[in-house]
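# Fold and contact review
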Amino acid sequence: MKHFAAILWLSLCSATAAAQAPAAHANLFAIGRARQLDTYLSPLEYRGTQLTYINETERPLTLLASRVQFQSTLQLDFSTSKPASDKATFLGGNIGYAATWHYRFLGTPTGTLPHDSRSRFTLMAGPQLTTDIGGLYNTRNGNNPAQAYLSANLAASVVAGYTFRLRRMPVSLREQLDVPLIGAMFTPAYGQSYYEIFALESSDHNIRAIHPFNAPSLTNRLTLDLPLRHATMRLGYIIDVRQSDVNSLRRHSYAHALMIGWLRYINIVPPQRYATAK
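Since this is a predicted model, take the numbers as computed values, not measurements.

## Topic: the side chain of T52
Along the chain, the position of T52 falls in strand β2 (residues 46–60). Residues within four places of T52 in sequence aside, it is in contact with L28, F29, A30, Q75, L76 and D77.

## Section: the environment of A146
Within the fold, A146 resides in strand β6 (residues 146–166). Overall, A146 belongs to the partly exposed group, its relative accessible area being 33%. Considered as a pair, A146 and Y40 are 106 residues apart in the sequence and their alpha carbons are 8.7 Å apart. Sequence-distant contacts of A146, defined by excluding residues within four places in its chain, comprise Y40, L41, L136, Y137 and Y194.

## Description of unusual backbone geometry
We note that N144 has phi near 50°; this positive angle belongs to a residue other than glycine. Given the relative accessible area of 29%, N144 is considered partly exposed. Of note, N247 is a non-glycine position whose phi angle comes to about 55°, a positive value.

## A closer look at the nonpolar core
Core analysis: the biggest nonpolar cluster contains 11 residues, these being Y40, L41, Y46, A88, F90, L136, Y149, F186, Y194, I197 and L249. If we skip the residues at most four places from it in the chain, F90 touches Q36, L41, S42, Y46, S79, T80, S81, L136, Y137 and N138.

## Thoughts on the pairing of β6
Judged from the 17 bridges that link them, strand β5 (residues 121–138) and β6 form a sheet pairing that is antiparallel. Looking at the pairing, G134 lines up with Y149 of β6. Once β6 ends, the chain turns through 2 residues before running back antiparallel as strand β7 (residues 169–186), passing R167 with a positive phi of about 55°.

## Looking at the pattern of salt bridges
A pair can form between side chains of opposite charge whenever their charged atoms are brought close. If you walk through the whole model with that rule in mind, you get 10 salt bridges. For R174, the salt bridge is made with E58, and the minimal N-O distance between the two is 3.1 Å. Remark: E58 occurs in strand β2 and R174 occurs in strand β7; sequence separation between them is 116 residues. Linking K82 and D86 is a salt bridge whose minimum nitrogen-to-oxygen distance equals 3.8 Å. One connected set of salt bridges, linked through shared partners, spans E56, R221, D225 and R234.

Criteria and cut-off values
Residues numbered from 1 in each chain as written. Predicted model: local features only at pLDDT ≥ 70, side-chain atom pairs only at ≥ 80, totals over all residues. Heavy atoms only, no water. Helix = DSSP H or I, 4+ residues; strand = E, 2+ residues; numbered from the N terminus. Contact = heavy atoms within 4.5 Å. Buried < 20%, exposed > 50% of the residue type's maximum accessible area, 1.4 Å probe, protein only. Core = buried A, V, L, I, M, F, W, Y, C linked by side-chain atoms within 4.5 Å. Pairing = 2+ DSSP bridges. Salt bridge = Lys/Arg side-chain N within 4 Å of Asp/Glu carboxyl O.

Structural data, given as structure tokens:
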């Protein structure tokens, strides 16, 4: 059974992963400001601090003459905020995952240096699938003190980058913009409690379609990669805008933060070479 699983895994790798190109693995930590509104919990906007952790892996695939790159992104958010009156607190958390397929129009694959002036520029675009699960808790509310968040989206993703040399070191500047286009989200109706939804099984259009007209959102990340001896330091800035106006309930979360972390390039062992080594 173990040998069968190994053969299946190697077959999937040979169908998707480029043979000799390295995978880029990044870990980022961010801290910044957040503005939050959820009219299910309060008519007031709350302001505070948001902490974010991002785990990202990017690798080239063999699709379309190796011009497609796959990006896997896990993002964890925790926030605490207060209204102007300072008489209550929002405690929020979110787990988001995104799978993105970028087609490279300009530039070289991830982990390779440009070989001429034209290849210093990178331009990629492609589809993205996202899913988010989280919630928001109001410490002051007695009835309906919490709100649950669950959504899935098909988004468009665009990447632009430029590689240059700083004191003989290759430095990469990159910006990625992700915009949800169509999806679905869970939301209670106006005045509906979670007891009615789950205990009484009284649904009222609790799964709703979302799109840029009722839930305009985006994520924009600007990063700068500085190579060190054994790893690459990544500095960045993230803007995360999430909002919706569904079931007569308005919600938004506007967050921006400074990021710092590290980036490593990991060589993918080709299946044939791995089998020979065994």
